[in-house]
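# Structural characterization, general
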Amino acid sequence: MYMKNVIYKMLTGCYMVVALLLVGACSDNVDIQQSYPFSIETMPVPKKLKVGETAEIRCQLHRDGRFEETKYFIRYFQPDGVGTLKMSDGTVLLPNDLYPLPGETFRLYYTSASIDQQTVDVYFQDSFGTLQQLTFSFNNSREKEE
């Protein structure tokens, strides 16, 4: 009888220790990362454009991690010169308006409309507010008249 009592107390103690370990192991502070850094890489872009000439800007989005619900957007601002920026589907981008990126690989087309130096700041943003900026500068290419 004494032995049964000792075994009962030992088993009860073990159950209590296991229960305390399980309660202590649970945590409501589960950290799920949703926002990951990203970058935009481009192929070389011409530095000189004539009025009416278009430069193709080939872009590739590189993500450091992947959260499938993350959306990416583009907007631009042109502090110097005059021109238009289009996406490959023909959408003409308006300055400072936000547009969804069509994919991870995409092309932009800048058409010069000025003989002055032109600067185009392109901003890429994810749905968590992370921002990347690329700046493109174009000079007027005047052909020599003979």
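Residues numbered from 1 in each chain as written. Predicted model: local features only at pLDDT ≥ 70, side-chain atom pairs only at ≥ 80, totals over all residues. Heavy atoms only, no water.

As recorded in an unreviewed UniProt entry, the protein goes by the name DUF3872 domain-containing protein, listed as coming from Bacteroides finegoldii.

It is possible for side chains bearing opposite charge to pair when their charged atoms get close. Tallied over the entire structure, the rule returns three salt bridges. Salt-bridge contacts for E56 lead to R58; the nearest nitrogen and oxygen are separated by 3.0 Å. Note on E56: relative accessible area 26%, which makes it partly exposed. The shortest N-O distance in the salt bridge between R107 and E56 comes to 2.9 Å. (Salt bridge = Lys/Arg side-chain N within 4 Å of Asp/Glu carboxyl O. Buried < 20%, exposed > 50% of the residue type's maximum accessible area, 1.4 Å probe, protein only.)

All right, on to the packing of aromatic side chains then. Counted under the stated rule, the structure contains three aromatic pairs. Aromatic side chains F38 and Y72 sit 5.2 Å apart centroid to centroid with 75 degrees between the ring planes, which places their arrangement in the edge-to-face category. Pair noted here: F38 is in strand β1 (residues 38-42) and Y72 is in strand β4 (residues 72-80), with a separation of 34 residues, a long-range link. The pair F38 / Y72 is uniform in exposure class, with both members buried. Between the aromatic rings of Y110 and F138, the centroid separation amounts to 4.9 Å while the plane-to-plane angle is 5 degrees, which identifies the pairing as stacked. Within this pair, whereas Y110 is found in strand β8 (residues 105-112), its partner F138 is found in strand β10 (residues 131-140), the two being separated by 28 residues in sequence. Each member of the pair Y110 and F138 is classed as buried. (Phe/Tyr/Trp six-rings, centres within 6.5 Å; stacked < 30°, edge-to-face > 60°. Helix = DSSP H or I, 4+ residues; strand = E, 2+ residues; numbered from the N terminus.)

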